[in-house]
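Examination of the molecular architecture
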Amino acid sequence: MSNKDGKILILPGDGIGPEVNKALLRLINSVNNHTFYNLDIEEGLIGGASYDKFKLPITDKVLEKANNADAVILGSVGGPKYDSLPFNLKPERGLLKLRKELDLYANIRPAKAFNALKEASSLKSEIIKGMDIIVLRELTGGIYFGEPRGIEDLDDGQRRGINTEVYTTNEIVRLAKVGFEIAMERKGLVHSVEKANVMESGILWREEVKKLHETKFSNITLLNMYADNCAMQLVKNPSQFDVIITGNLFGDILSDISAELTGSLGMLPSASLGDKINDRRKSLYEPVHGSAPDIAGKNIANPIAMIMSFSMMLEHSFYDQTTSKVIEKSVENVLENGFRTKDICQDDTKEVSTSDMGELICEEFKSLSKNI
Ligand code: NAD
């Protein structure tokens, strides 16, 4: 294969962010040395780290770099040191500003059961066996952003809280399109999830997804499911799902349920995607976990979520499933060989540090990448 150039912006952030980032940098170095990639890395500040230097949770310069990069990857932001800052200077505002700037409307949260960790799930191992789900959540619309919203005083002395669930054709169609495209590279099954039985926005969602399916993606199997049933089915029989597409509120809840099925926060990656223009897509990759102040600085954090976020980057920003799968397989093999960071360690496994886990995955990658 010909060389693949790419410009990546890395924002390590706060707490364990810089620690898991070190493990990632080592892997990117291996990817550059042992495959056809030539990835150019630039680092920037976000969150508390940015506030400490610039008194802002993200600077315009970093936003500009993010706009010009082929992909952005972030560690985590936040920590008790910044809790008393005014709302608009809090570390999390930097992340929200970045997501908004890049107009990232499609949030992908995979939940895959690693065989070696099947005992870590809250469900019986035979139920999660073979589970490999993508929850695709609409991220910039729906009830979290809809107007009118607010809390108002009523004449009789009561108060009323208001939020509005609202979706337009465009918002539904662009999200569903990403879902069908992802399903095409997987098992070819999409569950579209809403509450069309009680919500007009759900009726519109169902109609627009159906229309898009009939006109452009009829080779994919489309099933409709109500959100409450979906929550139940996820804990009853998660293996029935391939790709779930849903709005912001239901996606928030369903992606947390599916995440919990895998058993560990330190293992979960995510991707947020914007529009694809000339094959180039605005994108941000980040672990689902936060800055974990309770374990920061101890070299015990699990770097796998960060590494798997990079694997997602190769798949969704560089359209390369092969190298992405080799990274996933490297992680799987290291776990199968019994190595674990503290958070996922069990009696019969060997505890290793953040940096050792990164090194083990790198070594495995070097050996498996001979087949790329
Ligand atoms: P958290 O995810 O940071 O930690 C929750 C628990 O999981 C902690 O016990 C932590 O030690 C453990 N944990 C998390 N990631 C781990 C890893 N990779 N390896 C091993 N253990 C891990 O959530 P929290 O404690 O609610 O939040 C801490 C800070 O992070 C807060 O300031 C919060 O606002 C911020 N936060 C940031 C993000 C983000 O950057 N996207 C997401 C969530 C929370």
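Residues numbered from 1 in each chain as written. Predicted model: local features only at pLDDT ≥ 70, side-chain atom pairs only at ≥ 80, totals over all residues. Heavy atoms only, no water.

Considering the overall build of the protein chain
- Looking only at helices and strands, the protein chain has 12 helices and 14 strands in total.
- Taken over the C-alpha trace, the protein chain has a radius of gyration of 21 Å; the compact-globule value for 372 residues is 21 Å, and the two agree within 12%.
- Each of the three principal axes of the protein chain carries a C-alpha extent, and together these read 65 × 50 × 45 Å.
- Buried positions account for 52% of the 372 residues belonging to the protein chain.
- When contacts within the protein chain are restricted to residue pairs at least 6 apart in sequence, long-range pairs at least 24 apart make up 75% of them.
- Surface accessibility of the protein chain: about 17,100 Å² in total, with carbon and sulfur atoms responsible for 49%.
- Once the 45 positive and 54 negative side-chain charges of the protein chain are each reduced to a mean point, those two points are 2 Å apart. (Helix = DSSP H or I, 4+ residues; strand = E, 2+ residues; numbered from the N terminus. Rg over C-alpha atoms; globule rule 2.2 N^0.38 Å. Buried < 20%, exposed > 50% of the residue type's maximum accessible area, 1.4 Å probe, protein only. Contact = heavy atoms within 4.5 Å. Areas by Shrake-Rupley, 256 points an atom, 1.4 Å probe, with all protein chains shown as cover. Lys, Arg positive; Asp, Glu negative; His and termini not counted. Charge placed at Lys NZ, Arg CZ, Asp CG, Glu CD.)

Focus: the side chain of D14
- Locating D14 in the fold gives a position in the loop between β1 (4–13) and α1 (17–34).
- Within the buried set, D14 has no salt-bridge partner at all; the shortest N-O distance to an opposite charge, 8.0 Å, is to K81.
- At 2.8 Å, the side chain of D14 and the backbone nitrogen of G78 are in polar contact.
- With residues near it in sequence (within four places) discarded, D14 still touches I46, G47, G48, A49, S76, V77, G78, P91 and S291. (Salt bridge = Lys/Arg side-chain N within 4 Å of Asp/Glu carboxyl O. Polar contact = N/O pair within 3.5 Å; in protein donor to acceptor, adjacent residues only side chain to side chain.)

Regarding the pattern of salt bridges
- Taken as a whole and assessed by the stated rule, the structure comprises 18 salt bridges.
- For the salt bridge of E328 with K112, the shortest nitrogen-to-oxygen distance reads 3.1 Å. Linking E328 in helix α11 (residues 321–336) with K112 in strand β4 (residues 106–112), this pair joins segments that are 216 residues apart in sequence.
- Look at the salt bridges and you will find they share partners, linking D132, R186 and D242 into a network.

Thoughts on helix α9 (residues 248–262)
- With 15 residues, α9 extends 22 Å from end C-alpha to end C-alpha; this agrees with the ideal 21 Å at 1.5 Å per step.
- Taken together, the buried positions of α9 are occupied by N248, F250, G251, L254, S255, S258, A259, L261 and T262. All buried residues of α9 lie within an arc of 155 degrees about the axis, which places them on one face of the element.
- Once α9 ends, the next one or two residues include G263, with phi positive near 95 degrees. (Expected span 1.5 Å × (residues − 1). Arc of directions from axis to C-beta.)

Some remarks on the site of the ligand
- Neighbouring the ligand are 20 residues, the closest being V77, E92, G290, A292 and N302.
- Here an oxygen atom of the ligand and a backbone polar atom of V77 are 2.9 Å apart.
- Here a nitrogen atom of the ligand and a side-chain polar atom of H289 are 3.4 Å apart.
- Across the complex, the protein chains shield 67% of the 810 Å² of accessible surface that the ligand would expose by itself. (Near = heavy atom within 4 Å.)

Some details on the packing of aromatic side chains
- As enumerated under the stated definition, the model contains five aromatic pairs in all.
- On the numbers, 5.9 Å between centres and 90 degrees between planes, the contact of Y37 with F318 is edge-to-face. Here F318 lies in the loop between α10 (304–316) and α11 and Y37 lies in strand β2 (residues 37–43), a separation of 281 residues in the sequence. When sorted by exposure, Y37 lands in the same class as F318, which is buried.
- Seen from their ring centres, F180 and F217 are 4.9 Å apart, and the 20 degrees between their planes marks the pair as stacked. (Phe/Tyr/Trp six-rings, centres within 6.5 Å; stacked < 30°, edge-to-face > 60°.)

Some points on the sheet that holds β4
- Across the sheet, which stays open at both edges, the 10 strands sit in the order β2-β1-β3-β12-β11-β4-β5-β10-β8-β9 with mixed pairing between neighbours. Of all strands in the sheet, those bounded by a partner on one side alone are β2 and β9 (221–226). Strand-to-strand, the axes of this sheet are offset by a mean angle of 25 degrees, without reference to chain direction.
- As defined by bridge partners, strand β3 (residues 71–76) adjoins strand β12 (residues 280–287) across two bridges and the pair is classed as parallel. Residue V72 lies in a different strand from β12, and its bridge partner there is L284.
- Of the strands in this sheet, β5 (132–138), β8 (189–194), β9 and β10 (243–246) are in contact with helix α8 (residues 227–236), which crosses β9 at around 105 degrees. (Pairing = 2+ DSSP bridges. Axes fitted to C-alpha atoms, helices over the stretch in contact; angles between N-to-C directions.)

Some points on unusual backbone geometry
- A cis amide bond links E147 with the next residue in sequence, P148, at an omega value of 0 degrees.
- Position of P148 relative to the elements: it lies in the loop between β5 and β6 (150–153).
- Phi angles above zero are rare outside glycine, and D103 is one such case at about 50 degrees.

Quick look at the environment of A120
- Within the secondary structure, A120 sits in the loop between β4 and α5 (125–128).
- When neighbours within four sequence positions are excluded, A120 is seen to be in contact with G263 and Q346.

Things to note about the packing of α8 against α9
- Orientation of α8 relative to α9, taken along the N-to-C sense of each, is 5 degrees, at an axis distance of 10 Å. Regarding the angle of α8 to α9, the classification is roughly parallel. Mapping the contact onto sequence places A227, C230, A231, L234 and V235 in α8 and F250, L254, I257, S258 and L261 in α9.
- Among the residues making up the contact of α8 with α9, the classes are represented as nine nonpolar, one polar and no charged. (Parallel < 35°, antiparallel > 145°, perpendicular 65-115°, else oblique. Nonpolar A, V, L, I, M, F, W, Y, C, P; charged D, E, K, R; others polar.)

Details of the nonpolar core
- I73, F180, F310 and L335 are the most contacted members of the largest nonpolar core, which has 65 residues in total.
- What F180 contacts, discounting residues up to four positions off in sequence, is V190, V209, L212, H213, F217, I220 and L222.
- By size, the runner-up hydrophobic cluster in this structure holds 17 residues, among which are A111, V193, L234 and I244. (Core = buried A, V, L, I, M, F, W, Y, C linked by side-chain atoms within 4.5 Å.)

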